[in-house]
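# Results of the structural survey
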Amino acid sequence: LESNIFTKSELEKAYVKLASLVETVKQKDYSNMLPEENILYIYNVLVNDHSFTYVDSSDFIIDALNTNTFDCSTGSLLILIISQEMGWPVYVVKSRNHFFIRWEEFKYTFNFDITRGVFLSNYYYKIDDNLHQESISNGIYLANLTTEEILASQYECIANYYWYVLKDTETALLYFNKSIELNSKDPVIYNNLGYFNEFLYKYGIAIHYYNKVIDL
């Protein structure tokens, strides 16, 4: 998804870094470790061994790998990618504007927040982000994200990049629409589309998307 934004050398550098991270994690013996310890090991590989640091905004996984930085989204994606290579039942979860990861295997489940480096309960996110129970029950928040929903979030990041950085609103709209096609129940995407159309003075369309947020 990010190949149109980064150069070939930047992409290759990121892939080499990712392969190195995966190889490091694979060399560990997990036979006597709990799942929580498995996730903590990935976190320590990132933060302690490779000096990854948290920043407020690091929207792209390529940039995160090349700069050794992460935010809640890219950090969670890094743990997800590495965990998938290990065959572990790990998912990315969204709580309003925040992402974290979840280990879920049958009834054994826990959440890990990479921005804080701690395990947190669903109840914590419900209270901290003021989530309504209805939105949780409807799978809008605190549900395991599907591959399509993760891609939708990445399309939204690309749309914002074309809008804010490149000032290319036409291409930005294409990516916003791709995002909605993949995830039609994310109020954050609709809210951004409302703001985007308001920026373009298309107030009727903006109101339509803001109403979508209210409906969800």
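Quick summary incoming for the structure in this document. (Residues numbered from 1 in each chain as written. Predicted model: local features only at pLDDT ≥ 70, side-chain atom pairs only at ≥ 80, totals over all residues. Heavy atoms only, no water.)

### Quick word on the packing of aromatic side chains
For clarity, the cut-off: Only rings of Phe, Tyr and Trp enter the pairing, Trp through its six-membered ring, and a pair is recorded when the two centres are within 6.5 Å. The plane angle decides the type: under 30 degrees is stacked, over 60 is edge-to-face, the rest tilted. With a 1.4 Å probe rolled over the protein chains alone, any residue whose accessible area is under 20% of its type maximum counts as buried; one over 50% counts as exposed, and the rest are partly exposed.
Under the counting rule described, the total for this entry stands at 24 aromatic pairs. Look at phenylalanine 110 and phenylalanine 119: their rings are 5.4 Å apart centre to centre, the planes differ by 80 degrees, and that puts the pair in the edge-to-face class. Judged by relative accessible area, phenylalanine 110 falls into the buried class, the value being 10%. A connected cluster of aromatic rings, assembled from ring pairs, spans Tyr30, Tyr41, Tyr43, Trp88, Trp103, Tyr108, Phe110, Phe112 and Phe119.

### Details of the packing of helix α1 (residues 8-26) against helix α4 (residues 72-86)
The following threshold applies: Note on geometry: axes are lines fitted to C-alpha atoms, helical ones only across the stretch in contact, with angles between N-to-C directions running from 0 to 180 degrees. Helix and strand definitions here come from DSSP, where helices need a minimum of 4 consecutive H or I residues and strands a minimum of 2 consecutive E residues; each element is numbered from the N-terminal end. With respect to orientation, any angle under 35 degrees is reported as roughly parallel, any angle over 145 as roughly antiparallel, any angle of 65 to 115 as roughly perpendicular, and every other angle as oblique. For a crossing to be left-handed, the near helix must be turned anticlockwise from the far one by less than a right angle; the clockwise case is right-handed. Residue contacts follow a heavy-atom distance rule, with two residues in contact if any of their heavy atoms lie within 4.5 Å. Three residue categories are used. Nonpolar comprises Ala, Val, Leu, Ile, Met, Phe, Trp, Tyr, Cys and Pro, charged comprises Asp, Glu, Lys and Arg, and polar comprises the others, including Gly.
Between α1 and α4, the shortest axis-to-axis distance is 10 Å and the interhelical angle comes to 55 degrees. Taken together, α1 and α4 sit at an angle that is classed as oblique. The way α1 lies across α4 gives a crossing that is right-handed. Residues Leu18, Leu21, Val22, Val25 and Lys26 of α1 form the contact with α4, whose participating residues are Leu78, Ile81, Ile82, Glu85 and Met86. Residue classes in the contact of α1 with α4 are distributed as eight nonpolar, no polar and two charged.

### Describing the pairing of strand β4 (residues 98-105)
Note the following rule: Paired strands are those between which DSSP finds at least two bridges.
In terms of residue burial, β4 counts as a mostly covered element, since six of its eight residues are buried. Pairing geometry for strand β3 (residues 90-95) and β4, over six bridges, is antiparallel. Along β4, the bridge assignment pairs tyrosine 91 with arginine 102. Pairing of β4 with strand β5 (residues 108-113) involves five bridges; the strand directions are antiparallel. In the sheet register, glutamate 105 faces β5, and the bridge partner there is tyrosine 108.

### Digging into the pairing of β5
In sequence, β4 turns back onto β5 through a hairpin of two residues, with phenylalanine 106 there showing a positive phi of about 60 degrees. Judged from the two bridges that link them, β5 and strand β6 (residues 118-119) form a sheet pairing that is antiparallel. Across the sheet, phenylalanine 112 pairs through a bridge with phenylalanine 119, a residue of β6. Counting the residues that bridge the hairpin from β5 to β6 gives four residues, and of these glycine 117 lies at a positive phi of roughly 70 degrees.

### Concerning the packing of helix α7 (residues 147-165) against helix α9 (residues 187-199)
Between α7 and α9, whose axes approach to 11 Å, the crossing angle comes to 20 degrees. Considered as vectors, α7 and α9 are oriented roughly parallel to each other. Crossing angle aside, the handedness with which α7 passes α9 is left-handed. For the pair formed by α7 and α9, the contact residues are Ala152, Glu156, Asn160, Trp163 and Tyr164 on the first element and Val188, Ile189, Asn192, Tyr195, Phe196 and Phe199 on the second. Broken down by class, the residue content of the contact of α7 with α9 amounts to eight nonpolar, two polar and one charged.

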